[in-house]
Structures are given as C-alpha cells and as structure tokens.
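Breakdown of the fold
Given next are the chains, with one letter for each unit.
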Amino acid sequence: MVPVPFRIAKVIREIPGVYTWHLKSLDGKPFVYRPGQFNMVYQFGVGEIPVSISGDCREPDTLVHTIRAVGPVTNAMQQLRAGAVVGIRGPFGRPWPIDEVVGSDLIFVTSTIGLAPLRGLIHEVLHRREDFGKVVVCYGTRGIDDIMYEADLHRWRARFDMHVHLTVHSAPSGYRGRVGGVVAAIRAAQVDWPSAQAFVCRSETLTRQAVDTLAGLGVTKDRVWVTLERNMQCAIGLCGHCQIGPTFVCKDGPVYRYDQIEPLYSVREF
Amino acid sequence: MVHIVDLEETLAHHPFAQGMDPEALRTITGCASNAVYHPGEYIFRDGDPADNFYLIRHGLVALEIHVPQGPPIVVETLEAGDIFGWSWLLPPYRWSNDARASDQVRLLKLDGACLRGKMENDRSLGYEIYKRFVPIMARRLAGNRMRIVELATEPAVHSRQKG
C-alpha cells in the first residue's frame, strides 16, 4: 500500500493534453505486471490516480504510463519533467486473458487514448505471434493530427503478419485514408468472425456500439473483452469507490468479459 | 475467352441488390450504367441536381462538405459494397454535399430520375428501393450520433497545437 518511488526517465507528448512517461524505479528493481493491469500513480503532495500500464511487459525495467490531462492531478502531472519522482502502487487488477484466446483471430477495437490500455497486450501478442490467427487493430480518432502512438501504428501496419485499419472523423480534402467512425474500420477487418476474439477499449457508450457491430458480424458477446474506467482509490477492493453493482472494478476488473457485465452498461448513472 | 459480365449480373452481386425480386432487379438494371472516376475527380457537387445514386464496385469515395472561405472537409469515406446518394429520393432533388473519387473508382450509376417515375407507377418497386435505402440511412444516422458522442467526450486537438 506504500507508493514506491519511480523517476520519470522520459516524457513523450503524444497529442496535446496526453503525455507518456517512461519510469525507472529508484531501487532498480524490475516491475513485473501483466498487460491490462493498472497502477495507482501518486504525485507527492498533489494526489493519486489509477492509470493503466501501456508498456511492454517483457521490458520490466521501464514502466510506461500514458496519461490524459483532465483534472487537477493529471494537469499537475503534465507539468512534471524528466527527472521528477512520483510514487507507484501496483500492479492491480485482472489482466487481459491472453492465454484464453490462443489460437483465435484477434481484433482490437479502440479510439484515441483507448489504445493505451491495449498497447501492452498488442506488444505481448506480437511477442507470441505464432500463438494466434490474424491480428487486426481498428483504431479511430478525431483527425489526422490526433493519432496516438503514431510510430507504433506505422510499425504495426508495416508488418506482414497483422493489419491496421485507421479511421478519422474528418480530414482535409484530398486525404486518401478512411474517414468515418470506428465501425467502418471494424467492417473493413477480415477475420474469422465466428471464432474471433475482440478486445474493445472505448468509452462505455461507444463500447456498446462496437459490441453491437461485432455482434452483427458474428462475434458473440462471450468473445468480447472490455476494460472499465472507474474512480479507483484504494485499488484493493476495500474502499468501494469503484463498485458497480456486485463488482469492484479495481479487484475484479478492470478487464471483463462483456457478457458478464453487459447489464451494467444499461444502468443509468452508474 | 473473355467473360463479359452484364449489368444485371453485376448489380445482382452488389450487396444493395441481394435478395431483390428479379422483376425489380430487371427494372433497376434498365436505369443502370457503369461509371469510372479518376482520383480527385468529382462525382457530384453540392447544389447540383440529384438525379442519380451510386453503388461502389471498387475504390474509395470521399463525401466532402464545402466550408465557406476554406478547403472542403472529408466527413466520410465509402468503399466497395457501399451505396451513396439519397438526395434523388427527396425533394428538391439536389445534392447536399460533394462526392469525390479518392482513388480510381468504379461505380454502378443508377438513374434516379428514371427510377422515380417508375416507382410512382409501381409501388412494389418503390417498396423494394425504400426497403434498401432506409436501413442504410438509419445506420449512418446512428453512426453520426455516435460520432457526436465521441467528439464530445474525447480530447480535441488542433493541428497547429501538435508537438
């Protein structure tokens, strides 16, 4: 429960208001975690927030967090430069079920900063590429200047063993790429829909839209995996801040199989 | 031996015509022609008479909105298997956006003015057409609502601010 000090080794400005930290522990110990897990990140004297881990779990000497500046703590964190020290508690939560989807085609559906919680999983899938069928990333964003992890997307798109479908909401005339919602990118994917496994990371309203689209193509809801964001404080299922109905997101999640939490998506004010 | 695919067969293979009554298919074929557009070429422009609709066989089509005192903005792209243009169904039969070929585009061009007349005289044909257009319109409307949600809930970036 006590934060461990980590030094910010590098800051990457992804898009305005979104930044990535590469962190090194002060004691030099590797940080072992699984893709999909999160940490509580503490700026001393300011506050603590839950952040999913976005790095490659096979590089445990570097902890990677991508943060969007949306509130007092994340805005204060945005001012920190390389060399600053923050506290880390974690890793917490249930990871993506990578071993359960071995042998299947995989489709990742996400938009803007939603790629952050999936990035580590995509890295791990590519490390174990021979374990899976087709690998398709469907990524949507606002415009051609809002593309997160653009270097990763270029690298992934250049591989011969995976596909990346990118879509933007609008673009300047003459743009030759796909324009529209993420749904258009999903429809462009060519996977074995009756057996494919989908990983969706979007806001909750948009998750339902993605799940409905996938269902229309043949992906049953027991083959869709989502990650939830909630107000997590203790991160060990004691304080109750992240409780939704019977589940504590920090402990039982943040990764869920969609069919197991679908009813919660339709409850207002949750 | 060269296999020449006739228009009816081409139309029948497009998702738009799947399951269509054969008689309706024959009538629609009578209003169809092939069309090819080169990259950057306009298929139609905002304000022009809307007397056609299009089924995409190959290529990417950009729907653009003209912005006064600025360059047009692409708001959607459509690809093989998609259909575009429904202003021919609704008075005053004028296009409300531009459509432009993003790359080499092959289309089936349907003469909407011709079909409007036939639909007036044959309500079952009109029903066949509307049965195909309404779900597409509904899907695009729902998709655009979701895009509003997305734009309202995700961070805005201006190109000049990047970096």
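See the structure above.
None of the values given here were measured: they were computed from a predicted structure.

**Some points on the overall build of chain B**
Tallying secondary structure elements over chain B gives four helices and eight strands in all. Starting at the N terminus, the α and β elements of chain B follow one another as α-α-β-β-β-β-β-β-β-β-α-α. Put simply, chain B has 163 residues, and 42% of those count as buried. Put simply, 75% of the contacts in chain B that link residues at least 6 apart link residues at least 24 apart. Side-chain charges of chain B comprise 18 positive and 21 negative groups, with the mean position of each set lying 4 Å from the other.

**Comments concerning the overall build of chain A**
Helix and strand counts for chain A come out as seven helices and 16 strands. Relative to a compact globule of 270 residues, whose C-alpha radius of gyration would be 18 Å, chain A shows 18 Å and is just as compact. Projecting the C-alpha coordinates of chain A onto the three principal axes gives extents of approximately 50 × 45 × 35 Å. Out of the 270 residues belonging to chain A, those deemed buried represent 57%. For chain A, the proportion of contacts with a sequence separation of at least 24, taken over those separated by at least 6, is 71%. Carbon and sulfur atoms make up 51% of the accessible area of chain A, which totals about 11,000 Å².

**Quick notes on the sheet that holds strand β2 (residues 18–25) of chain A**
Residue and element names in this part refer to chain A. Spatially, six strands are ordered β4-β3-β6-β1-β2-β5 in an open sheet, and the strand pairing comes out antiparallel. Single-partner strands in this sheet number two, and they are β4 (47–52) and β5 (63–68). Between one strand axis and the next, the sheet turns through 40 degrees on average, direction left out of account. Two elements, strand β1 (residues 4–15) and β2, share eight bridges in a ladder whose sense is antiparallel. Pairing of valine 11 across the sheet is with tryptophan 21, part of β2.

**Regarding unusual backbone geometry**
With an omega of 0 degrees, the peptide bond between glycine 90 of chain A and proline 91 of chain A qualifies as cis. Within the secondary structure, proline 91 of chain A sits in strand β6 (residues 85–92). Put simply, proline 91 of chain B and proline 92 of chain B share a cis peptide bond, and its omega is 10 degrees. Tracing the chain through its elements places proline 92 of chain B in the loop between β6 (83–84) and β7 (98–101). One non-glycine residue, tyrosine 149 of chain A, adopts positive backbone phi at about 45 degrees. Structurally, tyrosine 149 of chain A is set in the loop between β8 (135–141) and α3 (150–158). The backbone of glutamine 69 of chain B shows a phi angle near 60 degrees, a positive value even though the residue is not glycine. Assignment of secondary structure puts glutamine 69 of chain B in the loop between β4 (61–65) and β5 (73–78).

**Remarks on empty space enclosed by the protein**
All names here are of chain A. As enumerated under the stated definition, the model contains one cavity of 30 Å³ or more in all. Together, Glu204, Leu228, Arg230, Ile244, Ile261, Leu264 and Tyr265 line the largest cavity. With three residues, the single largest contributor to the lining of the largest cavity is helix α7 (residues 258–265).

**Re the state of the cysteines**
Summed over all chains, the structure comprises one disulfide over all chains. Between the sulfur atoms of cysteine 31 of chain B and its disulfide mate cysteine 114 of chain B the distance is 2.4 Å. Here cysteine 31 of chain B and cysteine 114 of chain B share a disulfide; its torsion about the S-S bond, -45 degrees, makes the bridge left-handed. A residue pair is termed long-range when its members are at least 10 positions apart, and cysteine 31 of chain B in the loop between α2 (22–29) and β1 (32–37) and cysteine 114 of chain B in helix α3 (residues 112–121) qualify at 83 residues. Cysteine 114 of chain B gets classed as partly exposed once you look at its relative accessible area, which sits at 26%. As a non-bridged cysteine, cysteine 57 of chain A has cysteine 201 of chain A as the owner of its nearest cysteine sulfur, 17 Å distant. Cysteine 201 of chain A takes part in no disulfide bond, and the closest cysteine sulfur to it belongs to cysteine 138 of chain A, at a distance of 14 Å.

Reading guide: rules and limits
Residues numbered from 1 in each chain as written. Chains lettered and ligands numbered in written order. Predicted model: local features only at pLDDT ≥ 70, side-chain atom pairs only at ≥ 80, totals over all residues. Heavy atoms only, no water. Helix = DSSP H or I, 4+ residues; strand = E, 2+ residues; numbered from the N terminus. Buried < 20%, exposed > 50% of the residue type's maximum accessible area, 1.4 Å probe, protein only. Contact = heavy atoms within 4.5 Å. Lys, Arg positive; Asp, Glu negative; His and termini not counted. Charge placed at Lys NZ, Arg CZ, Asp CG, Glu CD. Rg over C-alpha atoms; globule rule 2.2 N^0.38 Å. Areas by Shrake-Rupley, 256 points an atom, 1.4 Å probe, with all protein chains shown as cover. Pairing = 2+ DSSP bridges. Axes fitted to C-alpha atoms, helices over the stretch in contact; angles between N-to-C directions. 1 Å grid on protein atoms, 1.4 Å probe; cavity = no way out; pocket = protein on both sides within 12 Å on 5 of 7 lines; lining within 4 Å. Points joined across faces, edges and corners; volume = space filled by probe spheres on them. Disulfide = S-S within 2.5 Å.

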